[in-house]
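Commentary on secondary and tertiary structure
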Amino acid sequence: MKSLYISRQGCYLSLQKELLLVKQQNTVIQEVQLPLIEQILIFGKSQITTQVIRSCLERKIPIIYLSRMGYCYGRLLSIESGYRQLIRYQQQLTPLDKFLVAKTIVKTKLKNSRTFLLRQQRRYPETNLKIALDSLQYLIEKTEKVEEIEQLMGLEGAGAAQYFPAFGECIKNPDFPFLKRTRRPPTNPVNSLLSFGYQVLWNHLLSLIEIQGLDPYYACLHQGSERHAALASDLIEEFRTPLIDSLVLWLINSKIMDINDDFTYKEGGCFLNEKGRPKYLQYWLQKMSENIKIKQEDQPRWHLLNYQIKLFKNFIYNPSANYQPYLIR
């Protein structure tokens, strides 16, 4: 199964039996067998026929509409993919059940950040990351002593304040200076890459959460609202560093991204442009298609996302088992 990205502007999606055709003007630029598609993500202004929409709903294939910068406007989802079965169990979680999972999520995020920096220091011995590494270790140990969600969020924020300047030290391409994380809007190319990557991953997780029948608005660490699918924000934390940060750093240090050609500045921010988005998505797909060990078996990284969501689903049914986020070694 694969995700179909429509990142070019002005595309037209139609169906020919079970073959999905992606056209730009009168030229077919892509053909995909509909049964092989897991979800469709449409960036910006492209059109899709009613026939495609109906077929996707019948097959429970979500269609996700995003801005050209990766922000999600909404999604089309089959009515059969509701949360009726599991929502009762999610709502029965005790405050202690949710707090223990929230603590594990924050602790794992901090550990993943520290492990990633350790790897970079081994790769670039001249890079001095000791202060960040020591600070992250201190915050990891401190998570065991907190008793409130607000304290956990504070530790997460403190970890980010240490991690991102150290991440900038790992960037060896002088065209991409990076001092701190800025989000709304991203103010430079590095922040643009991080924000776009996180948004793409968040939307993937949201679709997979809904496919598994979980209520994406009921979470443990983040607070949900009618506009915030908090469970996707919970589950993305363990994947930010190993999936997005590592890819962004590689794209920059390998000089694949071009500071002049791949970005645009507007409305006070910096964003990937028509050339930069497809380039990022090409290497994102490549990374997620690579095999890794999942339960002693070689499987594409895509399966890692599904595997962790299923673990969370098992936690919903059996809270005493807690939930173990993905920890890089």
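Notes on the structure follow. (Residues numbered from 1 in each chain as written. Predicted model: local features only at pLDDT ≥ 70, side-chain atom pairs only at ≥ 80, totals over all residues. Heavy atoms only, no water.)

1. Looking at the sheet that holds strand S4 (residues 27-33)
Within a sheet, neighbouring strands are paired by backbone hydrogen bonds and run either parallel or antiparallel to one another. With respect to topology, four strands assemble into an open sheet ordered S4-S3-S2-S6, the strand pairing being mixed. Each having just a single partner strand, S4 and strand S6 (47-48) make up the two edges of the open sheet. Taken together, the six bridges between strand S3 (residues 19-24) and S4 define a ladder with antiparallel strand orientation. Counted as the bridge partner of Leu 20 is Val 32 from S4. Docked against the sheet, helix H1 (residues 50-58) engages strand S2 (11-16), S3 and S6, running at close to 65° with respect to S2. (Pairing = 2+ DSSP bridges. Helix = DSSP H or I, 4+ residues; strand = E, 2+ residues; numbered from the N terminus. Contact = heavy atoms within 4.5 Å. Axes fitted to C-alpha atoms, helices over the stretch in contact; angles between N-to-C directions.)

2. Things to note about the packing of aromatic side chains
This model, assessed by the stated rule, comprises 13 aromatic pairs. On the numbers, 6.4 Å between centres and 70° between planes, the contact of Phe 164 with Phe 178 is edge-to-face. Taken together, the residues Phe 164 in helix H5 (residues 149-169) and Phe 178 in the loop between H5 and helix H6 (189-211) connect sequence positions 14 residues apart. For Phe 178, a relative accessible area of 6% puts it in the buried group. One aromatic cluster is present, built from ring pairs that chain together Phe 116, Tyr 163, Phe 164, Phe 167 and Phe 178. Over the face of the ring belonging to Tyr 124 we find Lys 172, whose NZ or CZ atom lies 5.1 Å from the ring centre. The ring of Tyr 198 carries the charged tip of Arg 240 above its face, separated from the ring centre by 4.6 Å. (Phe/Tyr/Trp six-rings, centres within 6.5 Å; stacked < 30°, edge-to-face > 60°. Buried < 20%, exposed > 50% of the residue type's maximum accessible area, 1.4 Å probe, protein only. Lys NZ or Arg CZ within 6 Å of the ring centre and 35° of its normal.)

3. Observations regarding the environment of Asp 261
Positionally, Asp 261 belongs in the loop between helix H8 (240-253) and strand S9 (263-266). A relative accessible area of 37% places Asp 261 in the partly exposed class. Note: C-alpha distance between Asp 261 and Phe 99 (162 residues apart in sequence) is 45 Å. Not counting chain neighbours up to four residues away, the residues in contact with Asp 261 comprise Asn 273 and Lys 275.

4. Examining the packing of helix H3 (residues 95-123) against H8
Two numbers describe how H3 lies on H8: the axes approach to 9 Å, and their chain directions differ by 35°. Two packed elements cross with a definite hand, and for H3 against H8 that hand is right-handed. The residues of H8 that touch H3, namely those facing Lys 109, Asn 112, Ser 113, Phe 116 and Gln 120, are Arg 240, Thr 241, Pro 242, Asp 245, Ser 246 and Leu 249. (Left-handed = near helix turned anticlockwise from the far one by under 90°.)

5. Quick word on the pattern of salt bridges
For the coordinates displayed, the defined rule picks out ten salt bridges. Put simply, Glu 237 and Arg 240 hold a salt bridge, and the shortest N to O gap is 2.9 Å. Between Lys 279 and Asp 262 there is a salt bridge; the shortest N-O distance is 2.9 Å. Taken together, the positions of Lys 279 in helix H9 (residues 276-289) and Asp 262 in the loop between H8 and S9 put the pair 17 residues apart, joining distant regions of the chain. A network of salt bridges, in which partner residues are shared, links Lys 109, Glu 156, Glu 237 and Arg 240. (Salt bridge = Lys/Arg side-chain N within 4 Å of Asp/Glu carboxyl O.)

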